[in-house]
Amino acid sequence: MRKIECISVFDMLKVGVGPSSSHTLGPWRASQRWIAELKQKGTFNDVEHIHIDLYGSLSLTGIGHATDIATVLGLCGHDPVTMDISIIDLEIQKIRETKKLQFNGEKEIDFSIVDDVKFNKKFLEFHPNGMTFRAKLKNGKKTSSSFYSIGGGFVVKKERKNASDKMKSFLEFPFPIEKATELLAYCKAENKPISEIVLENEKSLRTEEEINAGLKQIWDVMLESMFIGCHTEGTLPGGLNVKRRSFEMHQRLIGEEKYDSPEDWIIAIRRTEVKFRQILKWVSCFAISVNEVNASLGRVVTAPTNGSAGTVPSVMMYYMVIENHEATFEDMKRFMLVAGEIGSLFKKGATISAAMGGCQAEIGVSSAMAAGGLTELLGGTPEQVLMAAEIAMEHHLGLTCDPIAGLVQVPCIERNAMGAIKAINAAEIALESDATKAKVPLDKVIETMWDTAKDMNSKYKETSEGGLAVKVNLSDC
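How each quantity is defined
- Residues numbered from 1 in each chain as written.
- Predicted model: local features only at pLDDT ≥ 70, side-chain atom pairs only at ≥ 80, totals over all residues.
- Heavy atoms only, no water.
- Salt bridge = Lys/Arg side-chain N within 4 Å of Asp/Glu carboxyl O.
- Helix = DSSP H or I, 4+ residues; strand = E, 2+ residues; numbered from the N terminus.
- Buried < 20%, exposed > 50% of the residue type's maximum accessible area, 1.4 Å probe, protein only.
- Contact = heavy atoms within 4.5 Å.
- Phe/Tyr/Trp six-rings, centres within 6.5 Å; stacked < 30°, edge-to-face > 60°.
- Lys NZ or Arg CZ within 6 Å of the ring centre and 35° of its normal.
- pLDDT = per-residue confidence, 0-100.
- Axes fitted to C-alpha atoms, helices over the stretch in contact; angles between N-to-C directions.
- Parallel < 35°, antiparallel > 145°, perpendicular 65-115°, else oblique.
- Pairing = 2+ DSSP bridges.

Topic: the pattern of salt bridges
Okay, step 1: Here the structure, examined in full by the defined rule, presents 18 salt bridges.
Okay, step 2: We note a salt bridge from Asp 79 to Arg 29, for which the minimum N-O separation is 2.8 Å. Of this pair, Asp 79 sits in the loop between helix 4 (67-75) and helix 5 (88-98) while Arg 29 sits in helix 2 (residues 21-41); the two residues are 50 residues apart in sequence, bridging distant segments of the chain.
Okay, step 3: Judged by relative accessible area, Arg 29 falls into the partly exposed class, the value being 24%.
Okay, step 4: The shortest N-O distance in the salt bridge between Arg 206 and Glu 202 comes to 3.0 Å.

Some remarks on helix 11 (residues 262-271)
Side chains of residues three or four places apart in an α-helix project in the same direction, reflecting 3.6 residues per turn.
Okay, step 1: Turning to helix 11, its buried residues are Trp 265, Ile 266, Ala 268, Ile 269 and Arg 270.
Okay, step 2: Buried-residue contacts for helix 11 involve helix 9 (208-230), helix 10 (246-254), helix 12 (276-295) and helix 13 (311-323).

Quick word on the packing of aromatic side chains
Okay, step 1: Taken as a whole and judged by the stated rule, the model has 10 aromatic pairs.
Okay, step 2: Between the aromatic rings of Phe 227 and Tyr 259, the centroid separation amounts to 6.2 Å while the plane-to-plane angle is 75 degrees, which identifies the pairing as edge-to-face. Residue Phe 227 is located in helix 9, and its partner Tyr 259 is located in the loop between helix 10 and helix 11; the two are separated by 32 residues in the primary sequence.
Okay, step 3: Residue Phe 227 is classed as buried on the basis of its relative accessible area of 18%.
Okay, step 4: Sitting over the ring of Phe 44, Lys 39 keeps its end group 4.8 Å from the ring centre.

Observations concerning the confidence of the model for the chain
Okay, step 1: Model confidence for the chain is summarised by a mean pLDDT of 94, while 96% of its residues fall at 70 or above.
Okay, step 2: A low-confidence stretch, residues 159-169 stays under pLDDT 50, and its non-local contacts, those more than four residues away or across chains, total 33 contacts.

Description of the packing of helix 9 against helix 11
Okay, step 1: Contact geometry of helix 9 with helix 11 gives a least axis separation of 10 Å together with a crossing angle of 70 degrees. Put simply, helix 9 runs roughly perpendicular to helix 11. Facing helix 9, whose interface residues are Leu 223, Met 226, Phe 227 and Cys 230, helix 11 presents Pro 262, Glu 263, Trp 265 and Ile 266.

Examining the pairing of strand 5 (residues 107-110)
Okay, step 1: Burial of the side chains of strand 5 is restricted to one face: Lys 107 and Ile 109 are buried, whereas none of Glu 108 and Asp 110 on the reverse face is.
Okay, step 2: Relative to strand 5, strand 4 (residues 100-103) runs antiparallel, the two sharing 4 bridges. Each residue of the ladder has a partner; that of Lys 100, found in strand 5, is Asp 110.
Okay, step 3: The turn linking strand 4 back onto strand 5 is made up of 3 residues, and Asn 104 within it adopts a positive phi angle of 55 degrees.

Written out as structure tokens, the structure reads:
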């Protein structure tokens, strides 16, 4: 065995609050880490005043991505996994009105969101998503700490020189994997599918019971976000006046079917007579519903990011309600294990940050993850699984990130539906192919994606300074 960087499935699939893993979940986690630093140094109780500087992409699209709100909620001691999201607006309104903040829920300090959260357009050296927390202590001294949100909710103190967004922790896995070729070699040597290889690695981190419980929580949140999205009408917040579409799409598709829970909802969908065009509509409905929840600061699963949260669950749902009405927890488990591993390959070899690589790093990766997971469930070989992931990314290469008004809405929501459809298509193509003779290996498309990311103009990397973001007149919205 050799030591490798540990990226778990649960690192790639994390529960969080929308609308952005890098701009919302990451800064939220950074706030929590800063508090932990202060406590470790013994200076937490001496803090009298706080100031936060947001840099680069966090500044340019921070308002639309609720970066200031997420940072403040973290400073208040709230956790994105467990917080009652229905009180977010009330909590922020109270802070705005009183100009007081309950620091980690333990002590009250003066704090103004307007004055003490500063949006700096300049970029820090190490990563486009930089932030610095500053505190004034009782003795008059000052302390500060900088963090970088590198995509998918990952937060580091300093970006790696090879810009691969890798984690610091190392463990000895039974099957250390850096590249797709290594993963495939293990599958051949052990005569096991990809999901079983990944499961063995996960079991070196936690028990199988813990793995099962974690994956069930992941799926429950995914299912709930689809259910909520399909049953919520109205307009998304932020000022673009984007109408929720999944509600009406769902009404037309579900017809007169009756159900009382998300689980019964799955059964009800299975009972509907699904024709070819309806399959496309159902998949789009599932994907759009998740990202409408995400856009309204709802709870979703990063897969691998919040902006791409709808692709993976919509493809899993497609398998459950279209391909296999007898699908079980074990099917979902295999799907998530494969999807998570595909995502980790992209994180190790390229990036999952739109601020670093454009939308190819989000929707492209999520489509590849979903394509790989679906291919294994449909009986594909490990070679076909990797081929499906490659095909999905190949047709997202160069995709820019140009959110209008910095909101994760247009074109982000629709792109999740497109990514899901491409994932299904990629799986079907791979299943009909001799993947042992693939012209483009997955590792090569990962390398190409990273090369493309480095060559891409910065205005197309989640800055709202190019593309649709500057072509659309907001006064017309």
